[in-house]
Amino acid sequence: MKYLDEFSDPDLARRLVDEIHAETTQPWAMMEVCGGQTHSIIRHGIDQLLPDGVEMIHGPGCPVCVTPLEIIDKALAIAEQPGVIFCSFGDMLRVPGSGRDLFAIKGAGGDVRVVYSPLDALRLARENPDREVVFFGIGFETTAPANAMTVYQARRQGIANFSLLVSHVLVPPAIAAIMESPTCRVQAFLAAGHVCSVMGTSQYPPLAERYGVPIVVTGFEPLDILEGIRRTVIQLEAGRHELENAYARVVPPEGNLPAQEMLRDVFEVTDRTWRGIGMIPASGWRLSDRYADFDAETRFAVGDIHTDESKLCRSGEVLQGLIKPHECAAFGKECTPRNPLGATMVSSEGACAAYYTYRRLEHVELSQPSGTGLVESR
Ligand code: SF4
């Protein structure tokens, strides 16, 4: 297949669904790690085509959703400082901190700008030497290389008024944390193909071995996901637990070596708190000592942050696969994309947003008129 629409071919999809049914003899629960895969599954109704008892558990792989409240509050505190140009991808602007968001800071006169690349933020720093330009660097192994490259370029070009607010997280430690939870129901993983395209696949066989779970590297189109599920079911039924790469057209086993080198130069591994989940050891990156001058957390006095999470929001349970979004009492009522209580409702990769966009008529009596949400307008 060469073209994107071929990865949605209904005849091939039906054949894969039939094979999954033919292979399945008992219930299985598998987790798709990435929020992009969650949206594809819900959007195309893939979970509803599976045999009874085969459950897709939605994982914590939405970068916006897992960015900790403390970092969001630090972003808000930095963005409202005079002289600062605070740059972020658009998804972060609606994410609730302790009572407000970046839109509120912008509405109150803060210079908050949506950019499409960290290099846009670096350009702004070059063009505004009398201002401090901060880029909000969040995300998994996919977005981290571009942010690392931007810091590398800032130092190389002598741009001193640029800094990065870093909240990068790593997938393999999250898989380990999920498997070690006493409430874990996950029996297999669809690994995030784009993460593996950067980091390769070598981190996964030890996890498959240690926890006795199949891990299948999977893409994002409907046929990619069905093929990932098919391979996973075959392994589960056979009692195997191995790494398989079902996304070989994008993922070489060794990953992207220049990107990995850039990551190693600019970042170092650190403990990270995941919003709704808690601290996971060695699960993120911070700027290495060589680039400490570009760390926005040390450049601005934002150490004394008091966080206040919504009492209603159950996004931590959603992110760990313990409940589905519609099982949260606030879903579609107190919590909507226009008035989100948690990041999972507002992020384009959030599980609550996926259910609100594609499934809400099945699960809630709407308390708000339709057609008003940010997610709907995309
Ligand atoms: S529906 Fe809203 S309140 Fe409930 S878990 Fe999702 S984001 Fe949180």
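Residues numbered from 1 in each chain as written. Predicted model: local features only at pLDDT ≥ 70, side-chain atom pairs only at ≥ 80, totals over all residues. Heavy atoms only, no water.

A.B. asks: Just to check I follow, could you spell out the overall build of the protein for this structure?
C.D. replies: Scanning the protein from terminus to terminus reveals 16 helices and 11 strands. Relative to the 2.2 N^0.38 estimate, which gives 21 Å for 378 residues, the radius of gyration of the protein is 21 Å and therefore close to what a compact globule would have. Expressed along its principal axes, the backbone C-alpha trace of the protein runs to roughly 65 × 50 × 40 Å. The buried share of the protein, taken over its 378 residues, is 55%. Across the protein, every contact between residues at least 6 apart in sequence was considered, and the portion connecting residues at least 24 apart equals 77%. (Helix = DSSP H or I, 4+ residues; strand = E, 2+ residues; numbered from the N terminus. Rg over C-alpha atoms; globule rule 2.2 N^0.38 Å. Buried < 20%, exposed > 50% of the residue type's maximum accessible area, 1.4 Å probe, protein only. Contact = heavy atoms within 4.5 Å.)

A.B. asks: Before we go on, may I ask you to explain the pattern of salt bridges in this structure?
C.D. replies: Should their charged atoms come close, side chains of opposite charge can pair. Following the criterion strictly, the structure yields 23 salt bridges and no others. Residue Arg359 pairs with Glu362 through a salt bridge whose shortest N-O separation is 3.8 Å. Its relative accessible area of 4% is what places Arg359 among the buried residues. Salt bridges here are not isolated pairs; linked through shared partners, they connect Glu19, Glu227, Arg230, Arg231 and Glu244. (Salt bridge = Lys/Arg side-chain N within 4 Å of Asp/Glu carboxyl O.)

A.B. asks: Where do I start with the nonpolar core in this structure?
C.D. replies: One broad rule of soluble globular proteins: the nonpolar side chains tend to lie buried together. Counting 60 residues, the largest nonpolar core has Ile78, Phe86, Phe136, Leu165, Phe189 and Tyr204 as the members making the most contacts within it. When residues of this core are assigned to their parent elements, the largest contribution, 7 residues, is made by helix α4 (residues 69-79). Contact partners of Phe189, with chain neighbours within four places excluded, come to Met31, Val33, Ile175, Ile178, Met179, Val213, Pro214, Ile215 and Val216. Within the second largest apolar cluster, 33 residues are counted, among which are Met30, Val233, Ile323 and Ala354. (Core = buried A, V, L, I, M, F, W, Y, C linked by side-chain atoms within 4.5 Å.)

A.B. asks: Mind showing me how you'd approach the site of the ligand here?
C.D. replies: Taken together, the neighbourhood of the ligand is formed by Cys313, Arg314, Ser315, Cys328, Ala330, Phe331, Cys335, Leu341, Gly342, Thr344, Met345 and Cys352. Class assignment of the residues belonging to the shell around the ligand gives a composition of 8 nonpolar, 3 polar and 1 charged. (Near = heavy atom within 4 Å. Nonpolar A, V, L, I, M, F, W, Y, C, P; charged D, E, K, R; others polar.)

A.B. asks: What's the story with the packing of aromatic side chains in this structure? I'm lost.
C.D. replies: Both the distance between ring centres and the angle between the ring planes are used here to describe each pair of aromatic rings. Inspection of every chain in the model, using the stated rule, returns 6 aromatic pairs. Note on Phe140 and Trp274: the rings are 5.8 Å apart at their centroids and 65° apart in plane angle, and the pair reads as edge-to-face. Of this pair, Phe140 sits in the loop between β5 (132-139) and α7 (144-156) while Trp274 is found in strand β10 (residues 267-274), placing the two residues 134 residues apart along the sequence. Phe140 sits in the buried class, given a relative accessible area of 6%. With a relative accessible area of 1%, Trp274 lands in the buried category. The ring of Tyr291 is capped by Arg155, whose NZ or CZ atom sits 4.2 Å from the centre of that ring. Over the aromatic face of Phe7 sits the side chain of Arg249, whose NZ or CZ is 3.9 Å from the ring centroid. (Phe/Tyr/Trp six-rings, centres within 6.5 Å; stacked < 30°, edge-to-face > 60°. Lys NZ or Arg CZ within 6 Å of the ring centre and 35° of its normal.)

A.B. asks: I keep staring at helix α12 (residues 257-266) and nothing clicks. Help me out?
C.D. replies: Since the α-helix advances by 3.6 residues per turn, residues separated by three or four positions end up pointing in the same direction. Among all positions in α12, only Ala259, Gln260, Met262, Leu263 and Val266 are buried. With its buried residues spanning 160° around the axis, α12 presents them on a single face. Among the exposed residues of α12, those oriented more than 90 degrees off its buried face are Pro258, Glu261 and Arg264. In this structure, the buried residues of α12 make contact with α7, α9 (193-199), β10 and β11 (278-287). A distance of 3.1 Å separates the backbone nitrogen of Ala259 from a side-chain oxygen at the start of α12, and that oxygen is part of Asn256. (Arc of directions from axis to C-beta. Polar contact = N/O pair within 3.5 Å; in protein donor to acceptor, adjacent residues only side chain to side chain.)

A.B. asks: Would you mind showing me how to read the sheet that holds strand β1 (residues 28-34) here?
C.D. replies: Judged by pairing direction, the sheet is parallel, and its 5 strands sit side by side in the order β2-β1-β7-β8-β9 without closing on themselves. Two strands close off the open sheet at either side, each with one partner strand: β2 (54-61) and β9 (243-245). Taken over all neighbouring pairs, the strand axes of this sheet differ in orientation by 25° on average, direction set aside. Examined bridge by bridge, β1 and strand β7 (residues 188-192) share 3 bridges and lie parallel to one another. Each residue of the ladder has a partner; that of Glu32, found in β7, is Leu190. (Pairing = 2+ DSSP bridges. Axes fitted to C-alpha atoms, helices over the stretch in contact; angles between N-to-C directions.)

A.B. asks: Is there a simple way to think about the sheet that holds strand β6 (residues 162-169) in this case?
C.D. replies: Strand-to-strand pairing in sheets goes through backbone hydrogen bonds, with the strands running parallel or antiparallel. In space, the 6 strands of this open sheet follow the order β4-β3-β5-β6-β11-β10, with mixed pairing throughout. At either margin of the open sheet sits one strand with a lone partner, and together these are β4 (111-114) and β10. Sheet twist, expressed as the average angle between the axes of neighbouring strands with direction ignored, equals 25°. Sheet topology note: the strand β3 (residues 84-88)/β5 ladder contains 4 bridges and is parallel. The residue bridging Ile85 from the neighbouring strand is Val133, located in β5. Sitting on the sheet, α7 is in contact with β5, β6, β10 and β11, with an inclination near 155° to β6. Running at roughly 80° to β10, α12 makes contact with β10 and β11 of the sheet.

A.B. asks: Please explain the pairing of β4 as it appears in this structure.
C.D. replies: Regular strands have side chains that alternate between both faces of the sheet. In the sheet, β3 pairs with β4 via 4 bridges, with the strands oriented parallel. Within the sheet, the bridge partner assigned to Ser88 lies in β4 and is Val114. For the crossover that starts at β3, traverses helix α5 (residues 102-107) and ends in the parallel β4, the hand is right-handed. (Right-handed = clockwise from strand over helix to strand, strands pointing away.)

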